[in-house]
Amino acid sequence: ANADFLISSKKHKIATDSAPFSEFYQLYLCFKDVMWKRHIMQFIGYDQKDPSIIFSDSSTSIDILYNCKGGKRRSQHWHPKLFILKDAVRRGIIRIVKIGIGINPSDALTKPQAEVKFTEQLSSSGFYHL
C-alpha cells in the first residue's frame, strides 16, 4: 500500500525464558531499526512528525505497552532498557498495531500452512512463490 516494510530473521543474542519476553524483545529490536531509519530520513530532509507504525500479532506485548494491566507482574524481571518502547509510544514516535493471525504476511515464513494460504500470504508480502 505504497509503504516500505522490513522483514528480518536473526538469532537472538540473549536467551529468553518466555514467549511474551521473546515477542517484546523482537518489538524492541524492530523499534531500534525504525528509529535508525527515522533518523536517516530526518537527516536527508524528510520530516518525521507522524508516528511510525509497527505491526505485531503479540497481544501480550501490546497490552504491556498500552495498558500495563498485570504487565508489572509479567515483566518485572525484564531489562529496563526494553521499556523505551513505552516512552516512544507515549511520545507519539511509534504506534504498535495489532495484526490478525490470519492476515499476517510474515506467517508465511514462520508457521506451517497449506500451500494455498502460504502462496497467498507470501505474495501479499511482496515475495513470489515459484
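This text goes with the structure placed above it.
Anyway, here's the lowdown on the structure attached to this text.

Reading the values: rules and limits
- Residues numbered from 1 in each chain as written.
- Predicted model: local features only at pLDDT ≥ 70, side-chain atom pairs only at ≥ 80, totals over all residues.
- Heavy atoms only, no water.
- Helix = DSSP H or I, 4+ residues; strand = E, 2+ residues; numbered from the N terminus.
- Buried < 20%, exposed > 50% of the residue type's maximum accessible area, 1.4 Å probe, protein only.
- Contact = heavy atoms within 4.5 Å.
- Areas by Shrake-Rupley, 256 points an atom, 1.4 Å probe, with all protein chains shown as cover.
- Arc of directions from axis to C-beta.
- Pairing = 2+ DSSP bridges.
- Salt bridge = Lys/Arg side-chain N within 4 Å of Asp/Glu carboxyl O.
- Axes fitted to C-alpha atoms, helices over the stretch in contact; angles between N-to-C directions.
- Parallel < 35°, antiparallel > 145°, perpendicular 65-115°, else oblique.
- Left-handed = near helix turned anticlockwise from the far one by under 90°.
- Nonpolar A, V, L, I, M, F, W, Y, C, P; charged D, E, K, R; others polar.
- Core = buried A, V, L, I, M, F, W, Y, C linked by side-chain atoms within 4.5 Å.

Our focus in this paragraph is the overall build of the protein chain. Broken down by element type, the protein chain carries six helices and two strands. If you list the helices and strands of the protein chain from N to C, you get α-β-α-α-α-β-α-α. Going through the 130 residues of the protein chain one by one, you find that 26% of them count as buried. Excluding contacts between residues fewer than 6 apart, the proportion of contacts in the protein chain whose partners are at least 24 apart in sequence is 56%. In the structure as shown, the protein chain presents an accessible area of about 9,300 Å², 58% of it carried by carbon and sulfur atoms.

It is worth spelling out the environment of Tyr28 at this point. Checked against the element boundaries, Tyr28 lands in helix H1 (residues 19-43). Once the C-alpha coordinates of Tyr28 and Leu82 are considered, the two residues, 54 residues apart in sequence, prove to be 6.1 Å apart. Excluding anything up to four places from it in sequence, Tyr28 contacts Lys81, Leu82, Ile84 and Leu85.

To continue, consider helix H2 (residues 59-66). By the burial criterion, the buried members of H2 are Ser61, Ile62, Ile64 and Leu65. Seen end-on, H2 carries its buried residues on one side only, within an arc spanning 160°.

On to the pairing of strand E1 (residues 52-56). Because side chains alternate across E1, one face comprises the buried residues Ser52, Ile54 and Ser56, and the other comprises Ile53 and Phe55, none of which is buried. Note that E1 and strand E2 (residues 94-98) share five bridges and pair parallel. The partner of Ile54 across the bridge, within E2, is Ile96.

Under the definition given, this model contains three salt bridges. Between Asp47 and Lys49 there is a salt bridge; the shortest N-O distance is 3.6 Å. Just as Asp47 is exposed, Lys49 falls in that class too. Asp87 is the partner of Arg91 in a salt bridge, and the nearest nitrogen-oxygen pair spans 3.2 Å. Here Asp87 and Arg91 lie together in helix H4 (residues 84-91), a separation of four residues that amounts to about one turn. Take Arg91: its relative accessible area is 58%, and that puts it in the exposed class. Linked by salt bridges that have partners in common, Asp87, Arg90 and Arg91 make up one network.

Running from N to C, H1 and H4 cross one another at 60°; their axes reach a closest spacing of 10 Å. One way to sum up the angle between H1 and H4 is to call them oblique. In this structure, H1 meets H4 at a crossing whose hand is left-handed. Of H4, the residues touching H1 (which contributes Phe24, Leu27, Tyr28 and Phe31) are Ile84, Leu85 and Ala88. Of the residues assigned to the contact of H1 with H4, the class counts are seven nonpolar, no polar and no charged.

What follows covers the nonpolar core. Formed by 20 residues in total, the largest nonpolar core has its most connected members in Phe24, Leu82, Leu85, Ile94 and Ile96. When contributions to this core are tallied by element, the ones reaching two or more residues are H1, H2, H4 and E2. For this core, the element with the highest residue contribution is H1, accounting for eight residues. Ile96 has contacts with Leu27, Ile54, Ser56, Ile62, Leu65, Tyr66 and Val89, leaving out every residue within four places of it along the chain.

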